2 protein chains.
Amino acid sequence: MASTSLTFSSRDAHRAWLASQAALPAGFKTGTTRFDFVPREAPKPAKMTLTLITLDAPTADFAAVFTRNALPGAPVLVGRQRLAEPRLGAIIINNKISNVCAPGGVADAEKICTATASLLGLPASTVLPSSTGVIGGGLPVDNMLEALPTLPPALQADSILPAAEGIVTTDLDPKIRRADVGGGSIVGIAKGAGMIEPNLATMLVYILTDLAVPRAELRAMLQRVVGPSFNSISVDSDTSTSDTVALISSGRVPCANPTAFEAALAIVCHDLAEDVVRNGEGVRHVLRVTVSHAPDETTARQLGKAVVNAPLFKCAVAGNDPNVGRLVQAIGKVAGGLNGGGLDLGRLRLHLGGIEIFAHGVFQLNPDKEQALVKFLKSAELYASVIPPDGIYTAAVDYPRHERCVDIAIDLGTGTGTATVLGGDLTHEYVSENADYRS
Amino acid sequence: MASTSLTFSSRDAHRAWLASQAALPAGFKTGTTRFDFVPREAPKPAKMTLTLITLDAPTADFAAVFTRNALPGAPVLVGRQRLAEPRLGAIIINNKISNVCAPGGVADAEKICTATASLLGLPASTVLPSSTGVIGGGLPVDNMLEALPTLPPALQADSILPAAEGIVTTDLDPKIRRADVGGGSIVGIAKGAGMIEPNLATMLVYILTDLAVPRAELRAMLQRVVGPSFNSISVDSDTSTSDTVALISSGRVPCANPTAFEAALAIVCHDLAEDVVRNGEGVRHVLRVTVSHAPDETTARQLGKAVVNAPLFKCAVAGNDPNVGRLVQAIGKVAGGLNGGGLDLGRLRLHLGGIEIFAHGVFQLNPDKEQALVKFLKSAELYASVIPPDGIYTAAVDYPRHERCVDIAIDLGTGTGTATVLGGDLTHEYVSENADYRS
């Protein structure tokens, strides 16, 4: 469960909570605009939202990590260069088209930055571009250039909620997490629903803070906190070409306690990462795999990932079917090749929902446990799957809404490495979302 | 396409073709029996089929390869020991329960072997056990011991078809492939539909031949042919705990040309492997990824596997959606970490259905190509997905039936390594099969 363990009695209560978290840190403004366009490669009318985040004054204190996909999007290529620049003044984000390997993609991204910068009276090199959406198409640059001038007048310093809403694609909800610490605040928003695996997910994450943390320290902190948060989740094992996590400080509030800042940052990242999974395309159960007593942390995380990425186990969970054989299969699939050697079967212990299912080298099952496991899986469902007359399944999270997970504990009994990995089940809603997404 | 490129006008024509391939090589008999039982762990009545394959005289010339899953089933543990035995006389196979990590599982497997051997007048050590089905339960040994004596009277030397039917679980069809070579024959049957990935699939494969190939040579040949066949397929990236490929020679026909024998064996294995994919749970499109000019064969195979295992691309294919961005994402996901270094983006060329979609570092797309790609994907569909009133999708292959694939060509332009990998799309039929399989 997220550190705050939220429940929402209704959609309105959920939205009210998001609004309550949305106050922008000092020194930032955001604005959005929405317009129609026709994609070049597949001429069907579509809508794009542009989201602008600005600093009242450009800052030297910014950090970012990007996808490790070998075919990154143009904004990621540009973004990596921006890390070397002395200052960052704004972020311009579009959804709908991800600008990956499109002819002239980098030039297009730079054009958008230049136009944005010019409207703000900044050099183009201070603008970080981000794009998310379908891979393969080019940006509708003309439409975007036309829409951009409406953004500066739309800027406001009150709430990050419009930006959180502006960056999403197939997400269930906007995602905002905040921490108030040392007289300032850390506020993060995230986009991400599919193509979510490691090494960052199909994710755009922007974390804003008014606490003054110098660039080098900020970058080191971000590297440390992404491991157990954004790099410990997987919705579908796919790795987006656009993943970006940016952390920007306006420096308005002195940071007396960097340790407290990093701890708060870690919680914001952990909770946003969990929000991304809970918003995962079609996810009906959130899987939380805790691997303990592994040879090392890397092994533990690798094993956790293997479980949350095993399609047959994910399907079983979707069906509230405690098919623990598929869980064991997923462990065995990678355990032979794990860092630090194989598996000591006699020491392996598995629990599902707190119920022991494997110990002493064999399954520990009986009909009573089977029934208890079914009950547990049902209790962790986020929504009831409804059979649609047209065959297109839609995930509709039920209210009251909970943050319960399907807890899986894997104790290898051999070392001191521990990791927790989050993922989702594999549902008809995921297939509907992804087999019919574009057409 | 399989080497024989089959089309069947009707289900009857398909079955007639299977029967025409089914003549047993000299020196073998098979028999099956079916009975009711109640599983211990989940007490609901079920049916099990026992399949017996016997040799007229035990043979020294047998080979087998098994799963690399670190938690193998008891029959795999026993089977590995059997490889050291001087002779093999029979194989006893059950479906429905896979006997993996069940308390007393190895002892149960040995009990079945002992009883089978005793009925055949053989030592227990000459009997190879195999089990497939749900993981987690124990074998219904008493029911099996009761049913076993009905098997020897059922043995016949004419057709392998009843055995091909006896070993299946969720398979669409029985699978038989044969080669007539050098005055003898090689006849193989396969079971496998889900939990299919590398290092063998959820697969039981039995290949019988009357051609006399000595044990050592037979084992070396099997090792060589499984790489480009059974180790080059993946339905869902999951690796079964029970995978077994056994190759047995009755030695009745002198083998004058071992090279021709191995070539024929390679074709039988390739075609059976393709049959397994084409029978994959819910598979509506067979994906065939050919990777060329890779640094080496291992890299090529690894990249092909990444593509056929990428959930988002698999969903797009299911929806006849040429979402080539998801294909590029899948390549980029692994390309950074590939053996032999990264990717030279400028040299990468991609074709889908013979249509160029990527070259010179960028996508090569336009609305005409988009339409041609949709048409191509539709032409490769094995069946039309029908929206079921109860929400439980069932794969029902249409007749006339074809063996067309979704051909994906990835040319890395850097080396001489080549590999072809087969997989399937990700459909509602897969989710229905696996979310509702047991319950």
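Just so we're clear, the structure is a prediction, and the values are computed from it rather than from any experiment.

### Overview of unusual backbone geometry
Right, on to step 1. Positive phi outside glycine occurs at N320 of chain A, with the angle close to 55°.
Right, on to step 2. By secondary structure assignment, the location of N320 of chain A is in the loop between helix 10 (311–318) and helix 11 (324–335).
Right, on to step 3. One non-glycine residue, H293 of chain B, lies in positive phi territory at about 50°.

### Quick notes on the packing of helix 7 (residues 215–226) of chain A against helix 8 (residues 258–278) of chain A
Residues and elements named next belong to chain A.
Right, on to step 1. Where helix 7 meets helix 8, the closest approach of the two axes is 10 Å, and the angle between their N-to-C directions is 40°. Considering the angle they form, helix 7 stands oblique to helix 8. As helix 7 packs across helix 8, the resulting crossing turns out to be right-handed. Each of E217, M221, V225 and V226 in helix 7 lies in contact with helix 8, whose residues at this interface are P258, E262, L265, A266 and C269.

### What about the pairing of strand 4 (residues 88–94) of chain A?
All names here are of chain A.
Right, on to step 1. Most of strand 4 is tucked away: seven of the seven residues are buried.
Right, on to step 2. Relative to strand 4, strand 2 (residues 46–59) runs antiparallel, the two sharing six bridges. The residue bridging I53 from the neighbouring strand is I91, located in strand 4.
Right, on to step 3. Bridge count for strand 4 against strand 5 (residues 127–131) is five bridges, and the pairing is parallel. Counterpart to A90 in the pairing with strand 5 is V127.
Right, on to step 4. Between the parallel pair strand 4 and strand 5, the chain is carried across by helix 3 (residues 105–120), and the sense of this crossover is right-handed.

### Description of the confidence of the model for chain A
Residue and element names in this part refer to chain A.
Right, on to step 1. Averaged over chain A, the pLDDT score is 88; the fraction of residues at 70 or greater is 93%.
Right, on to step 2. With pLDDT under 50 throughout, residues 196–201 is counted as low confidence; its partners more than four residues away or in other chains account for 34 contacts.
Right, on to step 3. Predicted complex metrics record ipTM = 0.80 and pTM = 0.84.

The rules behind each value
Residues numbered from 1 in each chain as written. Chains lettered and ligands numbered in written order. Predicted model: local features only at pLDDT ≥ 70, side-chain atom pairs only at ≥ 80, totals over all residues. Helix = DSSP H or I, 4+ residues; strand = E, 2+ residues; numbered from the N terminus. Axes fitted to C-alpha atoms, helices over the stretch in contact; angles between N-to-C directions. Parallel < 35°, antiparallel > 145°, perpendicular 65-115°, else oblique. Left-handed = near helix turned anticlockwise from the far one by under 90°. Contact = placed C-beta atoms within 7 Å. Buried ≥ 20, exposed ≤ 12 C-beta atoms within 10 Å, placed from the backbone. Pairing = 2+ DSSP bridges. Right-handed = clockwise from strand over helix to strand, strands pointing away. pLDDT = per-residue confidence, 0-100.

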